[in-house]
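Understanding the architecture of this molecule
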Amino acid sequence: MKILNIYSSETGNTKSLAYTIKNKYNCETLDILSANEKDASYFKKYDYIIIGFWVDKGYPDDNTKLLLSKLRDVEVILYMTLGAYTYSMQVHRCFARAGELLDETVTVLSTFAIQGRLPKEKLDEINSRPPDHPRAPTPRQTIMRNIGQSHPDEEDKNHLLNLIELTIDRTYGL
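For every chain, the first residue of the written sequence is number 1, and numbering continues from 1 onward in sequence order. Totals for whole chains, interfaces and linings use all residues, but because this is a predicted model, local features are given only for residues with pLDDT of at least 70 and pairs of side-chain atoms are given and counted only at 80 or more. Think of the side-chain values as coming from all heavy atoms in the structure, minus any hydrogens and water.

Remarks on the overall build of the chain
Rule in force here: The numbering of helices and of strands both runs from the N terminus, where a helix is a DSSP run of H or I of at least 4 residues and a strand a run of E of at least 2. Here the globule rule is a power law, 2.2 Å times the number of residues to the power 0.38, and the radius of gyration is based on C-alpha atoms. When a residue's accessible area, from a 1.4 Å probe over protein chains only, is under 20% of the maximum for its type it is buried; when over 50% it is exposed; and in between it is partly exposed. Per-residue accessibility takes into account occlusion by the displayed protein chains alone, with areas from the Shrake-Rupley method and a 1.4 Å probe. The sign given to each residue is positive for Lys and Arg and negative for Asp and Glu; His and the chain ends receive no count. Where a charge lies is defined by one atom per residue type: Lys uses NZ, Arg uses CZ, Asp uses CG and Glu uses CD.
Tallying secondary structure elements over the chain gives seven helices and six strands in all. Compactness check: the chain gives a C-alpha radius of gyration of 16 Å against a globular reference of 16 Å for 174 residues, within 12% of the reference. Taken along the three principal axes of its C-alpha coordinates, the chain extends 55 × 30 × 25 Å. The buried share of the chain, reckoned over its 174 residues, is 45%. Total accessible area on the chain stands at roughly 9500 Å², and carbon and sulfur atoms take up 49% of it. Distance from the positive charge centre (22 side chains) to the negative charge centre (24 side chains) of the chain: 2 Å.

Below you can see the structure in the form of structure tokens.
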């Protein structure tokens, strides 16, 4: 079984998860810039392509958008890190937006979202918004964002590995 593990990381959250996958599966691991240098045919030699990305204003980051749009005839497992709570509508919207970039020949086998810590500068910017700002944080959003500052943690990593293992167990050889 051949697995390719690709990640895009701005803050280190997604990179730490990618290396957890690398350590478990001893698979080839590429950062997004290296992956984007590859021709689309390169990816077809893998049974599974695991792609981790960070969310930028509700969308996959730009480098991930480029990768997703060039994939053809492959099976992928997608995971993302984001500042929003993992059960929020933001997660569903972002996965839908990622899916819109994929060619119809690409099969998404599973998805997983992990809340991640935000850089201090971003947190300060969000928390400094006046109450009348259109994107001022609500008390609930502030609580949820603060919870995210301790993630991804070991539990998140284990959940991601379990999802990947379950996906492979149920689909390998089909």
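Side note on the side chain of Asn13
The following threshold applies: Whether two residues are in contact is decided by their heavy atoms, any of which lying within 4.5 Å being enough.
Along the chain, the position of Asn13 falls in helix 1 (residues 13–25). Relative accessible area serves as the criterion here: at 3%, Asn13 is assigned to the buried category. Here Asn13 is in contact with Thr81, Gly116, Arg117, His151 and Pro152, once residues within four sequence places are set aside.

Observations regarding the pairing of strand 2 (residues 28–31)
Here is the rule we go by: Strands are labelled as partners when DSSP assigns at least two bridges between them. The definition of a right-handed crossover adopted here requires that, viewed with the strands pointing away, the path from the first strand over the helix to the second runs clockwise.
Two elements, strand 1 (residues 3–7) and strand 2, share four bridges in a ladder whose sense is parallel. Bridged to Asn5 within strand 2 is Thr29. Handedness of the β-α-β unit built from strand 1, helix 1 and strand 2 comes out right-handed.

What to know about the nonpolar core
Under the convention used in this document: What we call a nonpolar core is a set of buried Ala, Val, Leu, Ile, Met, Phe, Trp, Tyr and Cys residues that are connected through their side-chain atoms within 4.5 Å.
Core analysis: the largest hydrophobic core is formed by 27 residues, its most contacted members being Ile6, Phe43, Ile49, Ile51, Leu71 and Met80. Contributions of two or more residues to this core are made by strand 1, helix 2 (32–36), strand 3 (48–56), helix 3 (62–70), strand 5 (75–82) and helix 4 (89–101). Not counting residues up to four positions away in its chain, the partners in contact with Ile51 are Ile6, Thr64, Leu67, Leu68, Leu71, Val76, Ile77, Leu78 and Tyr79. Judged by nonpolar contacts, the second largest core, of 17 residues, contains Ile21, Cys27, Leu160 and Ile168.

Considerations on the packing of aromatic side chains
Rules: In this scheme Phe, Tyr and Trp rings, the latter by its six-membered ring, pair at centre separations within 6.5 Å, and the angle between planes marks the pair as stacked below 30 degrees, edge-to-face above 60, and tilted otherwise. Working rule: Lys NZ or Arg CZ, within 6 Å of ring centre, within 35 degrees of ring normal, means a charge sits over the ring.
Tallying each qualifying case throughout the model produces five aromatic pairs. Arranged with centres 6.4 Å apart and planes meeting at 35°, the rings of Tyr48 and Tyr172 form a pair that is tilted. Of this pair, Tyr48 sits in strand 3 while Tyr172 is found in the segment after helix 7 (154–171), placing the two residues 124 residues apart along the sequence. Assessed through its relative accessible area of 2%, Tyr48 is described here as buried. Classification of Tyr172 as partly exposed rests on a relative accessible area of 45%. Taking the centre distance of 6.4 Å and the plane angle of 85° together, the rings of Phe53 and Phe95 count as edge-to-face. Residue Phe53 is located in strand 3, and its partner Phe95 is located in helix 4; the two are separated by 42 residues in the primary sequence. For Phe53, a relative accessible area of 0% translates into the label buried. For the cation-ring pair, Lys38 lies above Tyr42, with the distance from its terminal atom to the ring centre recorded as 4.7 Å.

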